[in-house]
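Okay, here's what each chain looks like letter by letter:
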Amino acid sequence: MPEKSVGWASKVLAVTAKDITTEFRTRYAVNAVVMFALVTLTAVSFALGLLQPSSEILAALFWVILFFAAMSGLAYSFIREEQSGTGLILRLSASGSVVLFGKMFFNFLLLLALTVLIVPLFMIFLKASPQDWPLFIAGVVLGDIGLAGATAIIAAIVSRATIRGALFTVLSFPVLLPLLVASIEISKVGFTGGNFSEIAAPMQLLVAYDVVMIVLSWLLFDFVWRR
Amino acid sequence: MDANYIAMIVTLIIWCGIFFYLVSLDRKVNRLEKNREG
Amino acid sequence: MWWKLIIFAGMSAVIIAAFVTPSPMNPENSLGPVDIYRVFYFHVPQAWIASLAFIVSMIYSIRYLRTRDIRYDIRAATANRLGLIFAILATVTGSIFARMTWGEFWNWTEIREVSIFVLLLIYGGYFALRAAVADPDTRANLAAVMSIIFAVAALFLIFVIPRVYGAFTQHPTDSIIDRGGQITMGPTVRIIFFGSLAVFTALFAWIYRLSVRVADMKYRAETE
């Protein structure tokens with residue numbers, strides 16, 4: 001019976017599934033991401049006390065929390081491979097794009113889980129309630145896609161460095177700036193409620209950014225991954 | 001003395017310093033490159 | 001050798017003209033001593049060179065990825081080293097200019113200030129990455145890839161953000177570009193300004209060539 005070739009998508013999901021199972025065992029990334037987000041949220045809420053920030057500030061705070069949580073946990077997917085020595089096997093058994101998209105998707109799921117956790121807490125602690133839910137959710141999901149999409153290759157780059165330190169954050173921040181600017185703008189309108197024309201521009205920017213960064217990562221990944 | 005003239009003189013002095021440093025570097029590199037050929 | 005003399009004469013002429021001719025700023029628009037605006041003749045070329053250096057380095061980075069010839073990586077890193085120096089100069093002189101024109105040393109909604117700062121972050125990130133990788137070939141690879149990613153992200157920031165933030169530049173007119181985006185320089189100012197731009201570019205080309213020759217020699221010395 002002829003061998004049925006495994007589709008590209010199922011290979012990608014296999015990489016993602018493997019990352020998830022590893023994560024279940026060690027929980028490094030989940031811990032880092034969740035704890036960082038909770039701590040930041042608590043600190044901000046505590047510091048504000050009775051002050052009720054405006055929608056602009058709320059949107060900015062929300063994305064600051066997400067950004068720093070992402071910085072604390074999204075690099076693990078690649079660094080883990082190098083540290084545990086499984087990188088070689090991965091390089092041999094899967095093509096570059098499979099690895100990249102598998103881990104990108106894992107990071108996206110991680111961010112999604114974090115978002116689901118943080119949004120309710122954010123609403124409770126900071127008394128923030130989005131007036132336009134679909135808009136807010138769309139903005140956050142697109143932002144999560146961008147966060148995971150743009151940082152995957154950067155995480156791969158950092159995993160190949162000898163001294164890592166804060167390298168991931170230092171490299172990611174300039175790259176993520178357009179995403180942060182657009183997402184904050186969209187979230188702000190999500191909080192205050194408004195019509196679509198207000199956020200048409202940032203929305204287009206965000207979608208374009210997500211697509212461009214993911215495609216760019218795909219084109220460049222082999223240079224980073226292959227020795 | 002007009003502040004403008006002072007600033008100008010200072011800038012010119014700094015520029016001359018930079019320029020002559022570059023020229024001497026250029027000469028040094030020329031010499032080293034010739035040594036390699038030889 | 002004569003072109004070096006031209007550079008010398010040209011820069012000297014620009015410096016003298018910058019301080020001898022009337023200040024480029026209209027006294028009614030300025031918040032401080034009008035003479036401080038003369039820094040504008042030097043600030044804009046610095047920012048231009050900082051960006052040019054990054055573009056040069058990007059071109060060499062792409063060439064490196066295509067050919068794996070380490071000499072292209074040397075050229076890319078050298079260009080960025082120079083670019084970093086000019087970016088620092090540009091940020092400092094730009095901050096002074098901002099204080100005089102708009103009343104504050106820094107403002108995140110002014111797209112020009114944001115872009116030069118992001119350029120500084122990019123240069124910082126680039127050298128942080130280079131410092132963190134021990135093997136020269138890996139370092140060249142990763143630095144080249146990172147350059148391209150930075151460049152694309154920077155393009156997003158510079159060209160698309162102003163459209164997102166409608167009233168991004170709420171600043172009143174300065175001596176270069178007014179509300180309508182037209183250049184409002186007088187003829188004298190124009191000559192000195194473009195002269196300065198040309199001289200700075202020539203100066204950069206010279207320093208860059210020199211640095212590359214030094215770096216090439218160092219590389220050859222190390223690999224023999």
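Residues numbered from 1 in each chain as written. Chains lettered and ligands numbered in written order. Predicted model: local features only at pLDDT ≥ 70, side-chain atom pairs only at ≥ 80, totals over all residues.

Section: the interface of chain C and chain B
And step 1. Residue-level contacts link 14 residues of chain C with 15 residues of chain B.
And step 2. Of all the secondary structure elements, the ones that give two or more residues to the side of chain C that touches chain B are helix H1 (2–20) and helix H6 (187–222) of chain C.
And step 3. Broken down by element, the residue count for the side of chain C that touches chain B peaks at seven residues, all from H1 of chain C.
And step 4. Within the side of chain C that touches chain B, the residues separate by chemical class into ten nonpolar, one polar and three charged. (Contact = placed C-beta atoms within 7 Å. Helix = DSSP H or I, 4+ residues; strand = E, 2+ residues; numbered from the N terminus. Nonpolar A, V, L, I, M, F, W, Y, C, P; charged D, E, K, R; others polar.)

So, the nonpolar core
And step 1. Ile153 and Val158 of chain A together with Leu129 and Met146 of chain C are the most contacted members of the largest nonpolar core, which totals 135 residues.
And step 2. In this structure Met146 of chain C touches Ile157 and Leu171 of chain A together with Tyr126 and Leu129 of chain C, once residues within four positions along its chain are discounted. (Core = buried A, V, L, I, M, F, W, Y, C linked by C-beta atoms within 7 Å. Buried ≥ 20, exposed ≤ 12 C-beta atoms within 10 Å, placed from the backbone.)

Comments concerning the interface of chain C and chain A
And step 1. Each side of the interface is counted separately: chain C has 27 residues, and chain A has 27 residues.
And step 2. Contributing elements (two or more residues each) for the side of chain C that touches chain A: helix H4 (111–132) and helix H5 (136–164) of chain C.
And step 3. Considering only residue class, the side of chain C that touches chain A consists of 22 nonpolar, four polar and one charged.

Quick word on the confidence of the model for chain C
Reading predicted coordinates in detail is not appropriate for stretches of low pLDDT.
Residues and elements named next belong to chain C.
And step 1. Per-residue pLDDT for chain C has a mean of 83; in total, 80% of the residues score no lower than 70.
And step 2. Taken as a whole, residues 172–182 scores under 50 in pLDDT and shows 17 contacts with residues more than four places along the chain or in a different chain.
And step 3. Taken over the whole predicted complex, pTM reads 0.87, whereas the ipTM for its chain interfaces reads 0.90. (pLDDT = per-residue confidence, 0-100.)

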